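# Structural description and commentary
So you can see what is in the structure, the chains are spelled out below.
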Amino acid sequence: MGELSSLSMGELSSLWREHRDQPQTLAPQQGGFPHQPHVVLWLTDDQGWSNVGYHNPHYHTPNMDRLAKKGVTLERHYTFPWCAPSRASLMTGRMPHRGFQEAGQRVPQDVRMLSQLMRDAGYSTHHVGKWHLGLTRAWQYPTSRGFDTSLGFMGGGVDYVSSRISDHALGDDWSCAGVDLQQNGGPATGRDGVFSGTWVSAEIDWAVYNRTQSKPMFLYVALQAMHSPTPGVEVLRPYMAHYREQKEGPLFAASAALISHADELLGRLMRSLRGAGMWDSSLVIHLSDNGGQVNWVEEEVQGNNWPLRGMKRSLFEGGVRVPAFVGGGALPYSARGRVLDGYVHLADWFATLKELAGSSEEAPQGSMSMASYLVGAAGESPRKEVVLAAGNSGSTINFVEAVIQGPWKLINGSTPCGWDTYQGSHFPNRSSSATRPPGFMQPGCDSAATTLLFNIDTDPHEANNLADSPMAGERLAELFELLSQARSEATPFEMDHDRAFDHATQLSWCEGVRDARGGYLGPYMEGRPATRGEYEAQLRVNPQLRRRPLDGSSDAPRPSDTDAARVVYTDDWRALHNARPGF
């Protein structure tokens, strides 16, 4: 009985009658899918190739395994090597080299997002979880980008319980410390202080059961798991039980527990869709934003990309090829149970969902609809080439470029020491800390080889560099031509002008908004000048706008002390983090 085994006979009969009586009209132009299905776009964070049971039986993910087995598994699904560019590609339909692939960029206000397309096509639109696509100005927030509702954190990472921003997000995303949990653009007062899975699950249920009934639903769930920082053993204890029964080591169990937690949330979603009578007309698309993080630090979450080479931030398969599958009752019966090996990129979901939504809007160049391929109407993927990174790919990936054409893959550039390694099926285990490669994360330590050529059909593990082989000349010429073409087509998004302001100015503005919102962070550049030059010009006219010095003294306007919501914020994230059991 599989997924239906937990239902009573009465519930099963009711589901059967509902399915029997429901019209199943197929629109030919939509590749065999029902007209405007409910769509759940489900994105995990840093889930590596091996962090799922159907790729590695050491991981306990029964809901993912079941949904993939009964749906369509995508074994060649590609992303960018790290978070924000992948999310930008997914939401805008732009290939990274045509938009966002460098730290410090932002998605311009006039660039349409998938949520706006779905809303304009008649969908009820909802966002739950991580955003990481802008946070300094109100127009960057989800409810200004096409979502009817939103609950989540805007930056790259927060503590799983307190929702205070993690160390790496301070400076990279936010200019001051605070609680990053927002609801519809304002503070999510009272929602923080519990394990994030609690509010994620509750908000999913709210969206499912309180959506506009006359409209199809577009639900974007961007989970925190498996991103660092780890919530700790005490929080993860219920999800570690399976691994302890299997005699797995504590390092493996602590990281694996996060993907089991994500799997449990997926199971809850499936039950909610059935409970709301939506399952038969729902499409669930499960993706990861990049490969698994690997850094050999015992206190941090470790992903696993076995048997692929590389990790998050690298352009080897382990950094950009991720677990992906499509399931749900809206998937035609004839399409179910298939495993597809054709190329699919995150950017392709824009064109695919545009087709399913019946939108007449044009998809960005480079986004290809996979609708016909998913249902079997097309025998091959329309994508024959993948530009993984081209041109100024940014310091985050060491300015490396990579393209795929047919079975051939070119990596152009120097890979930092350790980024090209392999993990075992039980990584991280007790010996992991002793296997950290020499020079890992040390500035200036790079691989000697700068041109790598692989046949990823016959050598998916990228073990044999063919760049110096007799047959390489013609292949390399073709791949470098593709890379050169991609460079010429590059239309990178603008840099984030808000980052040009000096730290003291940003810190003052950020703290002012945070304190006025009761400790919750918010769009601290809202109403501020668009550029630093404009700001300096305003200063010359109105000295009252001058920035506060680092000692905190200032006569510039500040939020009123009589505001009941205003508090003096003291960041104690690290103290709470270190005090949590299991560290």
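Below: a short report on this structure. These numbers were taken from a predicted model, which means no experiment stands behind them.

## Concerning the pairing of strand β8 (residues 217–222)
- Taking burial as the measure, the six residues of β8 include six buried ones, the bulk of the element.
- The alternating pattern of β8 places Met 217, Leu 219 and Val 221 and Phe 218, Tyr 220 and Ala 222 on opposite faces, both of which are buried.
- In this sheet, β8 lies alongside strand β1 (residues 38–44) in parallel orientation, the contact comprising five bridges. Residue pairing across strands places Leu 41 opposite Tyr 220, the latter belonging to β8.

## Topic: the pairing of strand β13 (residues 385–389)
- In terms of burial, β13 is largely enclosed, as four of its five residues are buried.
- Alignment of β13 against strand β14 (residues 401–405), held across four bridges, turns out to be antiparallel. Its bridge partner being in β14, Glu 385 is matched across the sheet by Gln 405.

## Let's talk about the packing of helix α2 (residues 62–69) against helix α8 (residues 250–275)
- Packing of α2 against α8 brings their axes to within 7 Å, and their N-to-C directions diverge by 55°. Taken together, the axes of α2 and α8 are oblique relative to one another. Of the residues in α8, those in contact with Pro 62, Asn 63, Met 64 and Leu 67 of α2 are Ile 259, Ala 262, Asp 263, Glu 264, Leu 266, Gly 267 and Met 270.
- Split by residue class, the contact of α2 with α8 holds seven nonpolar, two polar and two charged.

## Some words on the sheet that holds strand β16 (residues 451–455)
- Strand order in the open sheet formed by four strands is β13-β14-β15-β16, with antiparallel pairing between adjacent strands. Each edge of the sheet is formed by a strand with only one pairing partner; in this case those strands are β13 and β16. Within the sheet, the average angular offset between the axes of one strand and its neighbour, ignoring direction, is 10°.
- Pairing between strand β15 (residues 408–412) and β16: five bridges, direction antiparallel. Opposite Lys 409, over in β16, you have Phe 454 as the bridge partner.
- Lying over the sheet, helix α12 (residues 472–489) contacts β13, β14, β15 and β16, oriented at roughly 65° with respect to β15.

## Notes on the state of the cysteines
- For the coordinates displayed, the defined rule picks out two disulfides.
- A sulfur-sulfur separation of 2.1 Å characterises the disulfide bridge that pairs Cys 176 with Cys 510. Across the S-S bond linking Cys 176 and Cys 510, the dihedral sits near -70°, which makes this disulfide left-handed. Taken as a pair, Cys 176 in the loop between α5 (169–172) and β6 (182–183) and Cys 510 in helix α13 (residues 503–516) lie far apart in primary sequence, 334 residues in all. As far as burial versus exposure is concerned, Cys 176 and Cys 510 are alike and both buried.
- The connectivity of the disulfides in the chain is 1-4, 2-3, where the numbers refer to bonded cysteines in sequence order.

## Some thoughts on the sheet that holds strand β2 (residues 72–74)
- Pairing in this open sheet of ten strands is mixed, and the strands run β7-β6-β5-β4-β8-β1-β9-β10-β2-β11 from one edge to the other. Either end of the sheet is taken by a strand with one partner, and the two such strands are β7 (186–187) and β11 (338–340).
- Where α8 meets the sheet, it contacts β1, β8, β9 (282–288) and β10 (325–327), and its direction lies at approximately 170° from that of β1.

## Regarding unusual backbone geometry
- Cis rather than trans, the peptide bond between Ser 228 and Pro 229 has omega equal to 5°.
- For Pro 229, the location among the structural elements is in the loop between β8 and α7 (233–245).
- Positive phi outside glycine occurs at Gln 36, with the angle close to 45°.
- Locating Gln 36 in the fold gives a position in the loop between α1 (9–21) and β1.

## A look at the pattern of salt bridges
- Tallied over the full model, the rule gives 27 salt bridges.
- With a closest N to O distance of 2.7 Å, Arg 112 and Glu 361 form a salt bridge. Taken together, the residues Arg 112 in the loop between α3 (83–92) and α4 (114–120) and Glu 361 in the loop between α10 (348–357) and α11 (371–375) connect sequence positions 249 residues apart.
- A relative accessible area of 29% places Arg 112 in the partly exposed class.
- The exposure class assigned to Glu 361 is partly exposed, which follows from its relative accessible area of 21%.
- Between Lys 384 and Glu 380 there is a salt bridge, with its nearest N and O atoms 2.9 Å apart.

## A closer look at the environment of Glu 248
- Locating Glu 248 in the fold gives a position in the loop between α7 and α8.
- Along the backbone, Glu 248 and His 58 are 190 residues apart, and their C-alpha atoms lie at a distance of 8.6 Å.
- Sequence-distant contacts of Glu 248, that is, excluding residues within four places in its chain, are made with His 58, Tyr 243 and His 426.

## Looking at the packing of aromatic side chains
- Summed over the entire model, instances satisfying the criterion amount to 14 aromatic pairs.
- Both rings, one in Tyr 54 and one in Phe 325, keep their centres 6.0 Å apart while their planes meet at 75°; by these two values the pair is edge-to-face. With a gap of 271 residues between them, Tyr 54 in the loop between β1 and α2 and Phe 325 in strand β10 connect regions that are remote in the sequence.
- Overall, Tyr 54 belongs to the partly exposed group, its relative accessible area being 25%.

About the thresholds
Residues numbered from 1 in each chain as written. Predicted model: local features only at pLDDT ≥ 70, side-chain atom pairs only at ≥ 80, totals over all residues. Heavy atoms only, no water. Buried < 20%, exposed > 50% of the residue type's maximum accessible area, 1.4 Å probe, protein only. Helix = DSSP H or I, 4+ residues; strand = E, 2+ residues; numbered from the N terminus. Pairing = 2+ DSSP bridges. Axes fitted to C-alpha atoms, helices over the stretch in contact; angles between N-to-C directions. Parallel < 35°, antiparallel > 145°, perpendicular 65-115°, else oblique. Contact = heavy atoms within 4.5 Å. Nonpolar A, V, L, I, M, F, W, Y, C, P; charged D, E, K, R; others polar. Disulfide = S-S within 2.5 Å. Salt bridge = Lys/Arg side-chain N within 4 Å of Asp/Glu carboxyl O. Phe/Tyr/Trp six-rings, centres within 6.5 Å; stacked < 30°, edge-to-face > 60°.

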